[in-house]
Amino acid sequence: MKKIVVVDYDHTWPVVFETLRARLAPVLGDAATAIEHVGSTAVPGLAAKPIVDIDAIVRTPSCVPHAIAQCVGLGYEHRGQLGIEGREAFRAPASLPRHHLYLCVEGNLALTNHLAVRDYLRARPDLAAEYGALKKSLAAALPYDGDSYAAGKTRFLLAVLRQAGMSDEQLDRIEQANQPAVRRRGAGGGH
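This report concerns the structure included in the present document.

What counts and how
- Residues numbered from 1 in each chain as written.
- Predicted model: local features only at pLDDT ≥ 70, side-chain atom pairs only at ≥ 80, totals over all residues.
- Heavy atoms only, no water.
- Helix = DSSP H or I, 4+ residues; strand = E, 2+ residues; numbered from the N terminus.
- Rg over C-alpha atoms; globule rule 2.2 N^0.38 Å.
- Buried < 20%, exposed > 50% of the residue type's maximum accessible area, 1.4 Å probe, protein only.
- Contact = heavy atoms within 4.5 Å.
- Areas by Shrake-Rupley, 256 points an atom, 1.4 Å probe, with all protein chains shown as cover.
- Lys, Arg positive; Asp, Glu negative; His and termini not counted.
- Charge placed at Lys NZ, Arg CZ, Asp CG, Glu CD.
- Phe/Tyr/Trp six-rings, centres within 6.5 Å; stacked < 30°, edge-to-face > 60°.
- Pairing = 2+ DSSP bridges.
- Axes fitted to C-alpha atoms, helices over the stretch in contact; angles between N-to-C directions.
- Arc of directions from axis to C-beta.
- Core = buried A, V, L, I, M, F, W, Y, C linked by side-chain atoms within 4.5 Å.

**Points about the overall build of the protein**
Stage number 1. The secondary structure content of the protein amounts to six helices and five strands.
Stage number 2. Ordering the α and β elements of the protein from the N terminus gives α-β-β-α-β-β-β-α-α-α-α.
Stage number 3. Relative to the compact-globule value of 16 Å for 191 residues, the protein shows a C-alpha radius of gyration of 16 Å, a close match.
Stage number 4. In terms of its C-alpha atoms, the protein occupies a principal-axis envelope of roughly 40 × 35 × 35 Å.
Stage number 5. Every one of the 191 residues in the protein was classed for burial, and the buried ones make up 48%.
Stage number 6. Sequence-distant contacts in the protein: of pairs separated by 6 or more residues, those separated by 24 or more amount to 64%.
Stage number 7. Element-wise, carbon and sulfur atoms account for 53% of the exposed surface of the protein, whose accessible area totals about 9,300 Å².
Stage number 8. Considering the protein, the positive charge centre built from 22 side chains and the negative charge centre built from 20 side chains are found 6 Å apart.

Rendered as structure tokens:
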């Protein structure tokens, strides 16, 4: 198992995202309605694992097979939904900067979760700082225990999502998806 490393915010993360977006956008073309920088590296000032998270958004489930084929054509390895309905995960080519690519159907809960956390923490630097301190503490205490690290973040993230306006039903589904017994490796929230 790899060591969990959380570092201070790096101002190059948005540049890395833009470089990767520029590579994906022409290949996905009309299949993607947007390509979003999500996760902790998308929040200025937030400490994070140095891995950029990207959500490529498609209109409908019928667009997914074409978009998957396009990503595979760029050298991504399709890994399936990994326990998160409506979200396809990919392993990035080793030649590119470290990142996670997810293909999300417009309006699905995984996408809503990613955007709500990102946008709320961008608007609340105090909470972003608190979350960064929590992640650093968890990484120091649990450097090789990814499930416990993720579980340690869940309560904080659920509180953020509640403040951002998510319903109890949505929060229950997100919490269920982030349980170690339910999660598959790499199926976490990407925050």
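**With respect to the packing of aromatic side chains**
Stage number 1. Applying the stated criterion to the full structure yields three aromatic pairs.
Stage number 2. On the basis of an interplanar angle of 80 degrees and a centroid distance of 6.3 Å, the ring pair of Y76 and F90 is categorised as edge-to-face. On the criterion of sequence distance, the pair formed by Y76 in the loop between α2 (64-73) and β3 (77-80) and F90 in strand β4 (residues 87-91) is long-range, its members being 14 residues apart.
Stage number 3. In this structure Y76 comes out as buried when scored by relative accessible area, which is 3%.
Stage number 4. Residue classification places F90 among the buried positions, given a relative accessible area of 3%.

**Some details on the sheet that holds strand β1 (residues 32-38)**
Stage number 1. Reading across from one edge, β1-β2-β5-β4-β3 is the order of the five strands in this open sheet, with mixed pairing throughout. Looking at which strands have only one partner, the edges of the open sheet turn out to be β1 and β3. For this sheet, the mean inter-axis angle between neighbouring strands, taken without regard to orientation, is 25 degrees.
Stage number 2. Sheet topology note: the strand β2 (residues 52-58)/strand β5 (residues 99-105) ladder contains seven bridges and is parallel. The residue of β5 that forms the bridge with D53 is H100.
Stage number 3. Strand contacts of helix α1 (residues 13-28): β1, β2 and β5, with the helix running at about 160 degrees to β1, the strand carrying the most contacts.

**A short note on α2**
Stage number 1. Those residues of α2 that fall on the buried side of the exposure criterion are V64, A67, I68 and C71. The buried side chains of α2 occupy one side of the element, clustering within an arc of 105 degrees when seen end-on. Opposite the buried face of α2, by more than 90 degrees, sit the exposed residues P65 and G73.
Stage number 2. Summarising the contacts, the buried residues of α2 are in contact with α1, β2, β3, β4 and β5.
Stage number 3. Positive backbone phi, at 100 degrees, marks G75, one or two positions downstream of α2.

**Comments concerning the nonpolar core**
Stage number 1. Ranked by size, the top nonpolar core spans 26 residues in total, and within it L24, L28, I54, Y76, L101 and L103 carry the most contacts.
Stage number 2. For this core, the elements supplying multiple residues, two or more each, are α1, β1, β2, α2 and β5.
Stage number 3. Considering every element that reaches this core, the biggest residue donor is α1, with six residues.
Stage number 4. Those residues in contact with I54 that sit more than four places away from it in its chain are F17, L20, L24, I35, E36, V38, H99, H100, L101 and Y102.

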